[in-house]
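# An overview of the molecular structure
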Amino acid sequence: SNMAPLPTRVLLRMVQNFGRKYSTSTGKNLPEYVKIVEVGPRDGLQNEKELVPTSVKVDLINRLSETGLPVIEATSFVSPKWVPQMGDHSEVLRDIRRHPGVNYPVLTPNLKGFQSAVAAGAKEVAIFGAASESFSKKNINCTIEESLRRFDEVMKAAKEANIPVRAYVSCVLGCPYEGKIQPQAVAEVAKKMYAMGCYEISLGDTIGVGTPGGMQDMLDAVAKEVPINALAVHCHDTYGQALANILTALQMGVSVVDSSVAGLGGCPYAKGASGNVATEDVVYMLHGLGIRTGVNLDKLTSVGSFISTALGRRTSSKVAQAMSKL
């Protein structure tokens, strides 16, 4: 046809308004606001093979702080022997510019990690366990029960220091060693972590195998033990199911979503497979549904492009890829 292509700004406006008129028909019970927990600087970079310079990590977090994200997971206080990429945790936490109203939680696997984190200025921490016995043994070198006992000392210390603790449960929809995981197994671990005093439990589909039906069954089981407003979902997009799974969780009342800018972080169990869902893609979907996030998508996309360039690779965000072509 001889029609001239639409100017970029018109296209962008159409794209940005696309979901608005559908928001009423997709479910009356969607949350009005969703809290995004940005995990790129930790979960994302942790899976990078090449060591990322401390200054780049700090720059990434500082730029993310300007986007309106309420929570940015900054680093992990694990032994550098296990995770060399996170060996500069104290420097990162010391050097970032803390934005008022933004939380910067860090991962602390044990009491020693917790003490180092607090010394470096941490105001919130996260612990992690698994719903799969084999995964727990291979990843944290202990049974699920032992891992929970180990976290007990962290919980006590956190309570004394008045520091909130978030918990991650890995392998909630499948395990690289055991295959399918029973919803009841996830509910048990989540219930124990909540009873220990964790204010929020993030349910992670670590290998991205879950589909919406499995997400629904799992959340049904967990919500019987833990209030839905204390739950978050952490979906990997390895099989392309992340957004569908997140939408299912939202329809069930979950209003906290973990994601990673530019989709940083591959899957350590499947070479070349994608890992975390991209924050840009989640925000685009949420805004299309008329759900508030407080995040500026344009600013977020330019942070995604900054870190992709710094790592010398293409972004994994579909939205960023599309917007750069417009």
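Refer to the preceding data block for the structure.
What you see is a predicted model; the values in this text were computed from it and never measured. Residue numbering note: each chain is counted from 1, following its sequence as written. Whole-chain, interface and lining totals are the exception, using all residues; otherwise, since this is a predicted model, local features are given only for residues with pLDDT of at least 70 and side-chain atom pairs are given and counted only at 80 or more. Side-chain metrics rest on all non-hydrogen atoms present in the structure, leaving aside hydrogens and water.

### Quick notes on the sheet that holds strand E1 (residues 35-38)
Strand pairing requires that DSSP identify at least two bridges connecting the strands. Put simply, DSSP H or I for four residues or longer makes a helix, DSSP E for two residues or longer makes a strand, and each gets a number counted from the N terminus. Sheet architecture is open: nine strands sit in the order E2-E1-E9-E8-E7-E6-E5-E4-E3, paired in parallel fashion. The open sheet terminates on both sides in strands that have one partner only, identified here as strand E2 (71-72) and strand E3 (75-76). Of the pairings in the sheet, the one linking E1 to strand E9 (residues 256-259) comprises four bridges and is parallel in character. Within E9, the residue paired with Ile36 across the bridge is Val257. Contact definition: two residues touch when any of their heavy atoms are within 4.5 Å. For helices, the fitted line uses only the C-alpha atoms of the stretch in contact; every axis is such a line through C-alpha atoms, and the angle between N-to-C directions lies from 0 to 180 degrees. Its contacts with the sheet put helix H7 (residues 144-161) on strand E5 (125-130) and strand E6 (165-170), and the angle it makes with E5 is roughly 170°.

### Re the nonpolar core
Within the largest apolar cluster, 91 residues are counted, with the highest numbers of intra-cluster contacts made by Leu60, Ile201, Leu203, Met218, Val222, Ile246 and Leu250. Looking at this core, the element that brings in the most residues is H7, giving seven residues. The contact partners of Leu203, leaving out residues within four places of it in the chain, are Val169, Val172, Val186, Met218, Leu219, Val222, Leu231, Ala232, Val233 and His234. Take the buried Ala, Val, Leu, Ile, Met, Phe, Trp, Tyr and Cys residues and link them wherever side-chain atoms come within 4.5 Å; each set so joined is a nonpolar core. Burial classification: accessible surface area is computed with a 1.4 Å probe over protein chains only, and a residue below 20% of its type maximum counts as buried, one above 50% as exposed, and the rest as partly exposed. Of all hydrophobic cores here, the second largest spans eight residues; its members include Val37, Leu107, Tyr168 and Val256.

### Structural notes on helix H5 (residues 111-119)
Among all positions in H5, only Gly113, Phe114 and Ala117 are buried. Down the axis of H5, the smallest arc covering the buried residues is 100°, so these residues share one side. Exposed residues lying more than 90 degrees from the buried face of H5 are Lys112 and Ala119. Of the surrounding elements, those touching the buried residues of H5 are helix H4 (89-95), strand E4 (106-107), E5 and H7. Positive backbone phi, at 105°, marks Gly121, one or two positions downstream of H5. Summarising the geometry, the arc corresponds to the directions from the helix axis toward the C-beta atoms.

### Quick word on the pattern of salt bridges
Every case where a carboxyl oxygen of Asp or Glu lies within 4 Å of a side-chain nitrogen of Lys or Arg is listed as a salt bridge. Using the criterion set out here, one finds twelve salt bridges in the structure. Here Glu48 ties to Arg313 by a salt bridge, and the two come within 2.5 Å at their closest N and O atoms. Highlighted residues: Glu48 in the loop between helix H2 (40-46) and helix H3 (54-65) and Arg313 in the loop between helix H12 (297-310) and helix H13 (318-325), separated in sequence by 265 residues. Exposure remark for Glu48: the relative accessible area of 13% places this residue in the buried category. Put simply, Lys35, Arg166, Glu200 and Asp258 are held in one network by salt bridges that share partners.

### Describing the pairing of E5
Within E5, five of the six residues are buried, which leaves the element mostly enclosed by the surrounding structure. Of the strand pairs in this sheet, E4 and E5 are connected by two bridges, and their pairing is parallel. Counterpart to Val106 in the pairing with E5 is Val125. Throughout, right-handed denotes a crossover for which the path from the first strand over the helix to the second runs clockwise when the strands point away from the viewer. The β-α-β motif built from E4, the intervening H5 and the parallel element E5 has right-handed crossover chirality. Taken together, the six bridges between E5 and E6 define a ladder with parallel strand orientation. Its bridge partner being in E6, Gly129 is matched across the sheet by Val169.

### Observations concerning the packing of helix H11 (residues 279-288) against H13
Packing of H11 against H13 leaves a shortest axis separation of 6 Å and a crossing angle of 85°. Overall, the two elements H11 and H13 adopt an arrangement that is roughly perpendicular. Mapping the contact onto sequence places Glu280, Asp281 and Tyr284 in H11 and Lys318, Val319 and Ala320 in H13. Only Asp, Glu, Lys and Arg are considered charged, only Ala, Val, Leu, Ile, Met, Phe, Trp, Tyr, Cys and Pro nonpolar, and every remaining residue, Gly among them, polar. For the contact of H11 with H13, a count of residues per class yields three nonpolar, no polar and three charged. Note on angle classes: values under 35 degrees are labelled roughly parallel, values over 145 roughly antiparallel, values of 65 to 115 roughly perpendicular, and the remainder oblique.

### With respect to unusual backbone geometry
The phi angle at Asn162 is positive, at roughly 60°, despite the residue not being glycine. Structurally, the position occupied by Asn162 is in the loop between H7 and E6. Taking the relative accessible area as the measure of exposure, Asn162 reaches 68% and is therefore exposed. Residues other than glycine seldom take positive phi values, yet Cys171 does so here, at roughly 60°. On the basis of relative accessible area, Cys171 is assigned to the buried category, the value being 0%.

Honestly, that's just the spatial picture; any functional story needs more than this.
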